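What the coordinates show
Next come the chains, spelled out residue by residue.
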Amino acid sequence: MIDVGDATLAGIDRTPTRRVLPPQRLDALSRDILALKKKLNAVILAHNYQVPEIQDVADYVGDSLGLSQQAARTEAGVIVFCGVHFMAETAKILNPGKIVLLPDLDAGCSLEESCPADRLAALQATNPKFYTIAYINCSAAVKARSDVICTSGNAVRIVQAAPADRDLLFVPDENLGSWVMEQTGRPMTLWKGNCYVHVEWTHAVITRIRKEHPDAPLVAHPECTRAVRLLADEVCSTEKMVTWCRASSAPAIIVATEAGMLHRLQKECPGKTFIPAPTENCRCNECRFMKLNTLEKLHDCMANLGPRVELDPGLIERARRPIERMLEISSRPLENAG
Ligand code: 13P
Ligand code: SF4
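First, a word on what this report is: a plain description of the structure on this page. (Residues numbered from 1 in each chain as written. Chains lettered and ligands numbered in written order. Predicted model: local features only at pLDDT ≥ 70, side-chain atom pairs only at ≥ 80, totals over all residues. Heavy atoms only, no water.)

1. A look at the overall build of the chain
A count of helical and extended segments in the chain gives 15 helices and 12 strands. Taken over C-alpha atoms, the radius of gyration comes to 19 Å for the chain, in line with the 20 Å a tight globule of 338 residues would show. Structurally, the chain occupies a C-alpha span of about 60 × 55 × 45 Å along its principal axes. In the chain, buried positions account for 58% of the 338 residues. At a minimum sequence separation of 6, the contacts of the chain that also span at least 24 residues come to 67%. For the chain, the exposed area adds up to about 14100 Å²; of that, 52% sits on carbon and sulfur atoms. Distance between charge centres in the chain, computed from 39 positive and 41 negative side chains, equals 2 Å. (Helix = DSSP H or I, 4+ residues; strand = E, 2+ residues; numbered from the N terminus. Rg over C-alpha atoms; globule rule 2.2 N^0.38 Å. Buried < 20%, exposed > 50% of the residue type's maximum accessible area, 1.4 Å probe, protein only. Contact = heavy atoms within 4.5 Å. Areas by Shrake-Rupley, 256 points an atom, 1.4 Å probe, with all protein chains shown as cover. Lys, Arg positive; Asp, Glu negative; His and termini not counted. Charge placed at Lys NZ, Arg CZ, Asp CG, Glu CD.)

This is the structure in structure tokens:
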């Protein structure tokens, strides 16, 4: 039997980690962070799931694709990455000569954990025709073993551009992978990993919230299960959620993704109401890894120039090629996307 990963990740502590600081402390820290940013010639990149106070001091807030594009083009000397480890690692791979800071090095990801590079190598060895497409939510070692990287924002495009004579292996998110198969009609072998936050939304609970708000459309992230995606009006990356919600005429929208997204949506669409989709068993819809970063830790990492993301130069070289391939495909004009 072929080993295609393990969807169950026992032992993830689902307890929310958030601690709210008094407003004066928040203001003082934010002012210091902006001063440090100037002094260090740093850029602060933040994912849409970061806590509001981090989003509010960042130079750029966005999804994994936007963040990697920003990291590829920044001229800043220091990159302060407010997101999870694989995102900061991607920034380091694209900028080997720069200091890349991550406020908390323990900010991992259940998808990254589900796919160790040695198990991927064992699966790849079973079929020499495999063309490996890795969702960016994976380690540098997995990226180094992949032909091309994708994010939720460009996965359909990346799969459409894959060579027709190869067998596609998609790692590590089985839900994003099955959604991309539906969109492209291209069969793929899927690694059985998932996001422990997004699989908390169930068909039953989403049906209930839709009945409570019959006029509100639902946007869901492709990391949600198929049963949930089928109930959605739009399935897309976190950045496309902003564009979709801005363009929608609906005054209220149900959102099935991590809770940090609500702050970004509220800022971008001030007149609208965003309803966080409730989860069945989980005590919250927060990613505990994303929430390990706090404004205090952001301040301290800039003051101390650490913790830093460091990688072996050989690994950087091997992991960079599939990321650059992704960036190149994403930058093609749409009519030449294939
Ligand atoms: P996006 O690239 O859509 O922001 O997704 C990243 C992620 O980790 C979702 O859980
Ligand atoms: Fe990983 Fe899920 Fe957290 Fe995104 S929300 S970083 S996929 S654990």
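2. Considerations on the nonpolar core
Judged by nonpolar contacts, the single largest core of 82 residues is most densely connected at L45, F81, I133, F170, V171, W201 and M326. Residue contributions to this core peak at 7 residues, all from helix 15 (residues 313-331). Ignoring any residue separated from it by four or fewer positions in sequence, one finds F170 in contact with I133, Y135, C150, L176, G177, M188, T189, L190 and W191. (Core = buried A, V, L, I, M, F, W, Y, C linked by side-chain atoms within 4.5 Å.)

3. Some remarks on the pattern of salt bridges
Considering all chains together, one arrives at 14 salt bridges under this definition. Measuring nitrogen to oxygen at the nearest pair gives 2.6 Å for the salt bridge that ties D104 to K297. Of the two residues, D104 is situated in the loop between strand 4 (99-101) and helix 5 (110-113) and K297 in helix 14 (residues 295-304); the sequence distance between them amounts to 193 residues. For E324, the salt bridge goes to R320, with nearest N and O atoms at 3.7 Å. Of this pair, E324 and R320 are both found in helix 15, 4 residues apart, which corresponds to roughly one turn of the helix. (Salt bridge = Lys/Arg side-chain N within 4 Å of Asp/Glu carboxyl O.)

4. Considerations on unusual backbone geometry
Look at the link from V171 to P172: it is a cis peptide, with omega at -15°. Mapped onto the fold, P172 is located in the loop between strand 7 (167-171) and helix 9 (174-184). For the bond from G306 to P307, the omega torsion is 5°, close enough to zero to count as cis. Relative to the assigned elements, P307 resides in the loop between helix 14 and helix 15. Positive phi is not limited to glycine here, since N41 has a value of about 50°. As for its position among the elements, N41 is in the loop between helix 1 (23-40) and strand 1 (42-47).

5. Structural notes on the site of ligand 1
Surrounding ligand 1, one finds H47, Y49, D63, S64, Y135, N137, S152, H198, H221, E223, S237 and T238. The side chain of S64 places a nitrogen or oxygen atom 2.9 Å from an oxygen atom of ligand 1. About the coverage of ligand 1: the protein hides 96% of its 310 Å² of free accessible area. Split by residue class, the shell around ligand 1 holds 2 nonpolar, 8 polar and 2 charged. (Near = heavy atom within 4 Å. Polar contact = N/O pair within 3.5 Å; in protein donor to acceptor, adjacent residues only side chain to side chain. Nonpolar A, V, L, I, M, F, W, Y, C, P; charged D, E, K, R; others polar.)

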